[in-house]
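Reading the structure
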Amino acid sequence: MKIIADENMPNARALFSHLGDVELVNGRTLTHEQVKDADILLVRSVTKVTQDLLHGSSVRFVGSATIGVDHIDLDYLAKVGIAFSSAPGCNADAVADYVFSGLSHLYMTKKFRWLNKKIGVIGYGNVGKAVYQRFAGMGCNVCVYDPLKEEGSGAANFVALEEILTCEVISLHAPLTTSGDYPTKGMLGAKELSQLVPGVAIISAGRGGVIDEDALIERHKALHGDIHLVLDVWDGEPLINQALVSIVDIATPHIAGYSKQGREKGSWMVYLALCEYLKQDFPAVSQRDAISAGWFSSLDVGAQLPQEEILARCIQAIYDVARDDVRLRYKYRENREHNVFDWLRKHYVERDEFHTCLIEGADDASRLLGAVGFSVK
């Protein structure tokens, strides 16, 4: 059995080689010629899995080690009887970590105090829900907009988009859609952005294209720069708007979900789905072997500092988002790679998730640290 896998899919050979011959490929440039005689196709979000790619091939199972499926033509797969599985929720913790690392960066560099702000979350899927629950667990004044998830979603504080736009922190986690009752492409256009309050912080870690980037640049001008921007996703990836990069606080190459554990969980979930499809009763690789422990097993917080600073320092000890921003800006200035955006993703410097680290001695800040994702003693 021939298995084609994206070269950026962690543990691809270790997990899947006992099931067949694994060939690693560039997911962005994958062609019909490469997949036509494959039985299994394993991808990440950069591969457009369409009829053009698969027509006439021998592919009978497609797995995407990602939470989103907007890159997959699900109707075509169903029509021709190709089985499909993705990894919903695999990187929810990683993206939530990214959001709070971004906020900690704003606190440490600009003294942006966000714990007492009104916070709005857009999108209540696996990621948006994880982000919302962390804010709520910290006692923040948080609300969420997602008309498709509002009914039957329990105790979450659902509000209209207009109220989200009045928040002082806005965290975006909506998928990119162009149809249905609530399409998200360009959802935050000039009209919506004109309602933003001065000093607002926007973290965009869902999909590029949800924000009208030209309108965002104009709003930045209108506010005389009094807006904080942490952007991980971009319209037109892998090409990114350098004019927008020049004004944001943090610019990263769609890596919010790129924690070591999150990416490994994605591969693991697809592996389990493929084993089930192939009727393999007992997976040959255990979850413990497939998903890594953290680099720092514990941190001892000894200093008596304000809670927000303790929170920021602990977060940055595990993941400081500024490192990814610095790397992106440096590689674009250097401009030696043919495709800087994808090079940064392929050669990403591994990071751990907060929950892999035990915090000791945090005292009054323990509740906040536990709510944001750390293990706390």
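Residues numbered from 1 in each chain as written. Predicted model: local features only at pLDDT ≥ 70, side-chain atom pairs only at ≥ 80, totals over all residues. Heavy atoms only, no water.

Labelled according to an unreviewed UniProt entry, the protein appears under the name Erythronate-4-phosphate dehydrogenase, originating from Marinomonas profundi. In UniProt, the protein has this text filed under Subcellular location (unreviewed entry): "Cytoplasm". Per UniProt, the protein has the following entry under Sequence similarities (unreviewed entry): "Belongs to the D-isomer specific 2-hydroxyacid dehydrogenase family. PdxB subfamily." (UniProt positions renumbered as here; feature names shortened; annotations may be inferred.)

It is worth spelling out the overall build of the protein at this point. The number of helices and strands found in the protein is 16 helices and 14 strands. Overall size of the protein, expressed as C-alpha extent along the three principal axes, is 55 × 50 × 45 Å. The long-range share in the protein, meaning contacts at least 24 apart out of those at least 6 apart in sequence, stands at 63%. When the accessible surface of the protein is totalled, it reaches about 16600 Å², and 48% of it is carbon and sulfur. (Helix = DSSP H or I, 4+ residues; strand = E, 2+ residues; numbered from the N terminus. Contact = heavy atoms within 4.5 Å. Areas by Shrake-Rupley, 256 points an atom, 1.4 Å probe, with all protein chains shown as cover.)

Counting buried residues in strand S6 (residues 118–122) gives 4 out of 5 residues, a clear majority hidden from the surface. In terms of strand pairing, S6 meets strand S7 (residues 141–145) through 5 bridges, oriented parallel. Bridge pairing in S7 places isoleucine 122 opposite tyrosine 145. The parallel pair S6 and S7, bridged by helix H6 (residues 126–137), forms a crossover whose chirality is right-handed. Of the pairings in the sheet, the one linking S6 to strand S8 (residues 169–172) comprises 4 bridges and is parallel in character. Paired with glycine 120 across the strands is isoleucine 170, a residue of S8. (Buried < 20%, exposed > 50% of the residue type's maximum accessible area, 1.4 Å probe, protein only. Pairing = 2+ DSSP bridges. Right-handed = clockwise from strand over helix to strand, strands pointing away.)

Turning next to the sheet that holds strand S3 (residues 40–43). As summarised here, the arrangement of the 5 strands in space is S2-S1-S3-S4-S5, forming an open sheet in which the pairing is parallel. Two strands in the sheet have a free side with no partner beyond their single neighbour: strand S2 (21–25) and strand S5 (83–85). Each strand of the sheet is rotated relative to its neighbour by a mean of 15°, with strand direction disregarded. The pairing of S3 with strand S4 (residues 61–64) spans 4 bridges and is parallel. Bridging from a neighbouring strand, leucine 42 pairs with glycine 63 of S4. Packing against the sheet, helix H11 (residues 260–277) makes contact with S3, S4 and S5, and its axis sits at approximately 160° to S4. (Axes fitted to C-alpha atoms, helices over the stretch in contact; angles between N-to-C directions.)

Contact geometry of helix H5 (residues 92–110) with H6 gives a least axis separation of 8 Å together with a crossing angle of 50°. On the basis of the axis angle, H5 is oblique to H6. Considering how the two elements wind past one another, H5 and H6 form a crossing that is right-handed. Residues Ala92, Asp93, Val95, Ala96, Asp97, Val99, Phe100 and Leu103 of H5 pack against Asn126, Val127, Ala130, Val131, Arg134 and Phe135 of H6. Counted by class, the contact of H5 with H6 contains 10 nonpolar, 1 polar and 3 charged residues. (Parallel < 35°, antiparallel > 145°, perpendicular 65-115°, else oblique. Left-handed = near helix turned anticlockwise from the far one by under 90°. Nonpolar A, V, L, I, M, F, W, Y, C, P; charged D, E, K, R; others polar.)

Another point: the UniProt feature "binding site: NAD(+)" (unreviewed entry) in the protein. The positions that UniProt labels "binding site: NAD(+)" (unreviewed entry) are, in the present scheme, Asp146, Asp232 and Gly257. Here aspartate 146 shows up in the loop between S7 and helix H7 (161–164). What makes aspartate 146 buried here is its relative accessible area of 12%. Setting aside chain neighbours within four positions, we find aspartate 146 in contact with Gly123, Tyr124, Gly125 and Phe158. A distance of 2.8 Å separates a polar side-chain atom of aspartate 146 from the backbone nitrogen of tyrosine 124. In this structure, glycine 257 sits in the loop between strand S11 (250–251) and H11. Residues in contact with glycine 257, not counting those within four places in the same chain, are Asn91, Ala94, Val95, Arg263 and Arg351. (Polar contact = N/O pair within 3.5 Å; in protein donor to acceptor, adjacent residues only side chain to side chain.)

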